[in-house]
Amino acid sequence: MRIPRVYLDHPLDPQTELRLPQGPARHLTQVLRLGPGDGLACFNGDGRDRAAQVAAVGRAGVVLAIGAAGAVEPAPVLRIVLGLGISRGERMDYAIQKAVELGVAGLWPLFTERSMVQLQGERLQRRLEHWRGVSIGACEQSGRRRLPALADALPLAEWLAAAAPGTLLLDPRAPQALAQWAPPGPEVTLLVGPEGGLSPRELDLAHRHGVVGVRLGPRILRAETAPLAAIAVLQALWGDLRD
Ligand code: SAM
């Protein structure tokens, strides 16, 4: 049987007991259906898994006995950061989930002229929390022991002003293919437009900030497909899909 693996936002010192707050306690007993004596793996994003066992389930909550720590997750061979034009709900969820599975190190949701979603104030905070949950779920499933950084959403122009030199813009009309691009250093930043693409003004601004356009073959990919294809190409050529 597969041992469940859960993220816990707590210190996980080996050989200690941890009383879980209501949310994670409910998840363990009602969703994963764990009871006293059942084993699980848990992680808090510090790079190591811990073996754990359900020590008690009762009125006072769920208590876990935290066991030995596993091996530390190695640093990524190629650190990939993704600037993602904000698209409609399920497209963003899909892009974030798959980008995390494929090993992205950092994610920036970006407001663009053609982002169809109006998010601000409390709604924006709720959506950021939701995206964080999607990212954590992908870490739990894929065995990642460090959480990728999920930045606050920014307007594209603000993000471009601070963009790393050599940032790559995924652009179906770019003269150069991603796979022909010179091998990157240890880090690469990718920018992807939302479902309607970037506006001519935004493309011009990106180029004025030194962003380099690269294309992914002859077809127009959906906003949630393009980042995944690009991350897979980068990981296969220069990252951890070579292993
Ligand atoms: N009508 C838009 C256009 O022509 O730009 C289509 C936008 S596409 C659905 C969403 C985003 O995916 C684009 O802004 C671009 O960043 C990326 N994209 C889609 N297909 C691509 C390709 N073949 N090469 C590079 N980037 C691509």
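Residues numbered from 1 in each chain as written. Predicted model: local features only at pLDDT ≥ 70, side-chain atom pairs only at ≥ 80, totals over all residues. Heavy atoms only, no water.

Considerations on the site of the ligand
In the region of the ligand, 20 residues are neighbours, and Leu 170, Arg 173, Leu 216, Arg 219 and Leu 221 sit closest. Measuring from an oxygen atom of the ligand, one finds a backbone N or O atom of Gly 193 at 3.1 Å. Measuring from a nitrogen atom of the ligand, one finds a backbone N or O atom of Leu 216 at 2.8 Å. Considered on its own, the ligand offers 570 Å² of accessible surface; in the complex 86% of this is hidden by protein. Residue classes in the shell around the ligand are distributed as 10 nonpolar, 4 polar and 6 charged. (Near = heavy atom within 4 Å. Polar contact = N/O pair within 3.5 Å; in protein donor to acceptor, adjacent residues only side chain to side chain. Areas by Shrake-Rupley, 256 points an atom, 1.4 Å probe, with all protein chains shown as cover. Nonpolar A, V, L, I, M, F, W, Y, C, P; charged D, E, K, R; others polar.)

Side note on the UniProt feature "domain: Ribosomal RNA small subunit methyltransferase E PUA-like" (unreviewed entry) in the protein
The UniProt record annotates "domain: Ribosomal RNA small subunit methyltransferase E PUA-like" (unreviewed entry) at residues 25-62. From the first C-alpha to the last, residues 25-62 spans 6 Å; its make-up is 18% helix and 45% strand. (UniProt positions renumbered as here; feature names shortened; annotations may be inferred. Helix = DSSP H or I, 4+ residues; strand = E, 2+ residues; numbered from the N terminus.)

Notes on the pattern of salt bridges
In this structure the tally under the stated criterion is 12 salt bridges. A salt bridge links Arg 201 to Glu 113, with the shortest nitrogen-to-oxygen separation between them at 2.6 Å. Separated by 88 residues along the polypeptide, Arg 201 in helix α5 (residues 200-208) and Glu 113 in the loop between β7 (106-111) and α3 (121-142) bring together distant segments of the chain. For Glu 113, a relative accessible area of 42% translates into the label partly exposed. (Salt bridge = Lys/Arg side-chain N within 4 Å of Asp/Glu carboxyl O. Buried < 20%, exposed > 50% of the residue type's maximum accessible area, 1.4 Å probe, protein only.)

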